[in-house]
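Chain residues, written in single-letter form:
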Amino acid sequence: MLSWNESGRTRMEPAGAFILSYPKEDQRDEAYQHVVVRSIPFVPGSRWDDAHWTEFDTRYETTRFPTDYLWGPGTREEARTWLERERPEGDTIDFTDRVFLVQDHQRLLPPMRPAVAAGLPEEERAGIWHAVRADFPDDAFSHVRGSADRSAGHARQPGDCSACSAELLGFGSYDEALRAAAAALGPIQAVQLPSVRLPLSPFWPQRP
């Protein structure tokens, strides 16, 4: 469970504990919005510490490890009702060698999952797109940003980059980048998610 209020306070709690707990409802809790996600728990100091969980965004890959949207936003009781009915289970995922699409339109935007990009409406497909294979979204973003500087040595043609831990799969129009991603992943099924994001964004501030 990811929760936030209008003052910008955020919190994460395990869904199982959320179902079992019945904290006293008060005005402070009622002011929170909640979303259910499948993600790696935030455990400070652990190997899997995802310090970017407070920047979760259904459109962009702004958390360090994959975070899947399941439900929300809504009130605490609505979230509890959904969890008790659906009982979503945990899963495992390989976070290495992921494929991201990075859009450069007026400014460089955070990476997207190819399935999310495939679901964009026509009017949001403008600009130059890059298909990049990397372990983490910030690696893909840094590669595309660095490739604008010829002296930095980042790969400007498809292939492994000698300057960073990324592989450029292709670039050009939206359709060209999506085809490059599909060549690496296989058929891409478009998804259209509700627009939800946590308000805190110190690492990815330039989101529209």
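Residues numbered from 1 in each chain as written. Predicted model: local features only at pLDDT ≥ 70, side-chain atom pairs only at ≥ 80, totals over all residues. Heavy atoms only, no water.

(A) A look at the pairing of strand 7 (residues 128–134). Counted residue by residue, strand 7 has five buried out of seven residues, so it is predominantly covered. Across seven bridges, the pairing between strand 5 (residues 98–105) and strand 7 is antiparallel. Looking at the pairing, Val-102 lines up with His-130 of strand 7. The pairing of strand 7 with strand 9 (residues 166–172) spans six bridges and is classified as antiparallel. The residue of strand 9 that forms the bridge with Ala-134 is Ala-166. (Buried < 20%, exposed > 50% of the residue type's maximum accessible area, 1.4 Å probe, protein only. Helix = DSSP H or I, 4+ residues; strand = E, 2+ residues; numbered from the N terminus. Pairing = 2+ DSSP bridges.)

(B) Representation of the sheet that holds strand 3 (residues 33–38) in the model. With respect to topology, four strands assemble into an open sheet ordered 2-1-3-4, the strand pairing being antiparallel. The open sheet has two edge strands with one neighbour each: strand 2 (10–12) and strand 4 (68–74). Direction aside, the axes of adjacent strands within the sheet are offset by 20° on average. The sheet contact formed by strand 3 and strand 4 spans four bridges and is antiparallel. In the strand pairing of strand 4, Val-37 is matched with Tyr-69. Sitting on the sheet, helix 3 (residues 76–86) touches strand 2, strand 3 and strand 4, and the angle it makes with strand 4 is about 140°. (Axes fitted to C-alpha atoms, helices over the stretch in contact; angles between N-to-C directions. Contact = heavy atoms within 4.5 Å.)

(C) The arrangement of the side chain of Arg-98 in detail. Position of Arg-98 among the secondary structure elements: in strand 5. For Arg-98, which is buried and forms no salt bridge, the nearest opposite charge comes from Glu-61, at a distance of 4.1 Å. There is a polar contact of 2.6 Å between the side chain of Arg-98 and the backbone oxygen of Asp-135. (Lys, Arg positive; Asp, Glu negative; His and termini not counted. Salt bridge = Lys/Arg side-chain N within 4 Å of Asp/Glu carboxyl O. Polar contact = N/O pair within 3.5 Å; in protein donor to acceptor, adjacent residues only side chain to side chain.)

(D) Summary view of the side chain of Asp-138. Along the chain, Asp-138 falls in helix 5 (residues 137–147). Given a relative accessible area of 15%, Asp-138 falls into the buried group. Among the polar contacts made by the side chain of Asp-138, one reaches the side chain of Arg-64 at a distance of 3.0 Å. Apart from the residues lying within four places of it in its own chain, the contact partners of Asp-138 are Arg-64, Phe-203 and Trp-204.

(E) Spatial organisation of the packing of aromatic side chains. Overall, the coordinates contain seven aromatic pairs when judged by the stated rule. Judged by centre distance (5.4 Å) and plane angle (75°), the rings of Trp-129 and Tyr-174 are edge-to-face. Linking Trp-129 in strand 7 with Tyr-174 in helix 6 (residues 174–185), this pair joins segments that are 45 residues apart in sequence. Across this residue pair, the class does not change: Trp-129 and Tyr-174 are buried. A network of ring pairs unites the aromatic residues Phe-65, Phe-95 and Phe-136 as a single cluster. We note Arg-11 situated over the ring of Tyr-32; from NZ or CZ to the ring centre the distance is 3.9 Å. Across from the ring centre of Phe-136, 3.7 Å away, lies the NZ or CZ of Arg-64, which sits over that ring. (Phe/Tyr/Trp six-rings, centres within 6.5 Å; stacked < 30°, edge-to-face > 60°. Lys NZ or Arg CZ within 6 Å of the ring centre and 35° of its normal.)

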